[in-house]
Amino acid sequence: MNIGEAAKASGVNAKLIRYYESIGLIPEAGRTAAGYRVYTAQEVRILRFVKRARTLGFSIERIQALVGLWRDKHRASAEVKRIALEHVDELEAKIAEMRAMADTLRELADACHGDDRPDCPILRDLEEAGTACCGHGQPA
């Protein structure tokens, strides 16, 4: 199938397919005599695998490792689990960081009168945090 058909079958757009091929994430496609890419059912399966892994937030580097493990029918599942759990730990750390940001912004918004007065604790906090790093009272 051509790249458009592979894109439709996998849900991965043609530009990303070319990119994944250029970085070796998927094998280089065969070519017709006219130079058009031709993709096999196996390559479409890999593209679907990659798309799902990206949906779960895996990095390209981890996806490369997972594709290699997926293709190795003699692999140990322990390595796959290790990669997945490392990713879970990173996701949970990001979630905690985002919750802390949301809590801080909620507190600042609660402290803001939200009326016609110019005093705004949200803007004051952003200003103070920007000057605290330098220790001179000068903006960063």
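The structure under discussion appears in the preceding block.
These figures come from a predicted structure and were not determined experimentally.

## What about the nonpolar core?
Reasoning step 1: Grouped together as the largest cluster of nonpolar side chains are 22 residues, with contacts concentrated most on I17, Y20, L25, I26, Y39, V50 and I63.
Reasoning step 2: If near-sequence neighbours (up to four positions away) are discounted, I17 is found in contact with I3, A6, A7, S10, V12, I26, Y39 and L47.

## Some details on the environment of L56
Reasoning step 1: Here L56 lies in the loop between α3 (41–55) and α4 (60–71).
Reasoning step 2: Of the residues examined, L56 reaches a relative accessible area of 42% and is grouped as partly exposed.
Reasoning step 3: Considered as a pair, L56 and R75 are 19 residues apart in the sequence and their alpha carbons are 22 Å apart.
Reasoning step 4: When sequence neighbours within four positions are dropped, the list of residues in contact with L56 reads H87 and L91.

## Here we look at the packing of helix α1 (residues 3–10) against helix α2 (residues 14–22)
A packed helix pair is summarised by two numbers, namely the angle formed by the two axes and the spacing between the axes.
Reasoning step 1: Across the interface, α1 lies against α2 with an axial gap of 9 Å and an inter-helix angle of 100°. With respect to α2, the axis of α1 lies roughly perpendicular. Only A14, I17 and R18 of α2 make contact with α1, whose side of the interface consists of I3, A6, A7 and S10.
Reasoning step 2: Residues that form the contact of α1 with α2 fall into these classes: five nonpolar, one polar and one charged.

## Structural notes on helix α5 (residues 77–111)
Reasoning step 1: For α5, spanning 35 residues, the distance from its first C-alpha to its last is 51 Å, which sits close to the expected 51 Å at 1.5 Å a residue.
Reasoning step 2: What α5 keeps buried is the set I83, H87 and L108.

## Section: the packing of aromatic side chains
Reasoning step 1: Evaluated as defined, the whole model comprises two aromatic pairs.
Reasoning step 2: On the numbers, 6.0 Å between centres and 50° between planes, the contact of Y19 with Y20 is tilted.
Reasoning step 3: Using a relative accessible area of 40% as the deciding quantity, one classes Y19 as partly exposed.
Reasoning step 4: Summarising the aromatic geometry, the rings of F49 and W70 are spaced 4.5 Å apart at their centres and angled 20° between planes, so their arrangement reads as stacked. Here the residue F49 occupies a position in helix α3, and W70 occupies one in helix α4, the gap between them amounting to 21 residues.
Reasoning step 5: A relative accessible area of 24% means that F49 is categorised as partly exposed.

## With respect to the packing of α3 against α4
Reasoning step 1: Running from amino to carboxyl end, α3 crosses α4 at an angle of 135°, the nearest separation of the two axes being 10 Å. Overall, the two elements α3 and α4 adopt an arrangement that is oblique. Taken as a pair, α3 and α4 cross one another with a handedness that is right-handed. Two secondary-structure elements touch here, α3 through Q42, R45, I46, F49, V50, A53 and R54 and α4 through I60, I63, L66, V67, W70 and R71.
Reasoning step 2: Broken down by class, the residue content of the contact of α3 with α4 amounts to nine nonpolar, one polar and three charged.

Rules behind the numbers
Residues numbered from 1 in each chain as written. Predicted model: local features only at pLDDT ≥ 70, side-chain atom pairs only at ≥ 80, totals over all residues. Heavy atoms only, no water. Core = buried A, V, L, I, M, F, W, Y, C linked by side-chain atoms within 4.5 Å. Buried < 20%, exposed > 50% of the residue type's maximum accessible area, 1.4 Å probe, protein only. Contact = heavy atoms within 4.5 Å. Helix = DSSP H or I, 4+ residues; strand = E, 2+ residues; numbered from the N terminus. Axes fitted to C-alpha atoms, helices over the stretch in contact; angles between N-to-C directions. Parallel < 35°, antiparallel > 145°, perpendicular 65-115°, else oblique. Nonpolar A, V, L, I, M, F, W, Y, C, P; charged D, E, K, R; others polar. Expected span 1.5 Å × (residues − 1). Phe/Tyr/Trp six-rings, centres within 6.5 Å; stacked < 30°, edge-to-face > 60°. Left-handed = near helix turned anticlockwise from the far one by under 90°.

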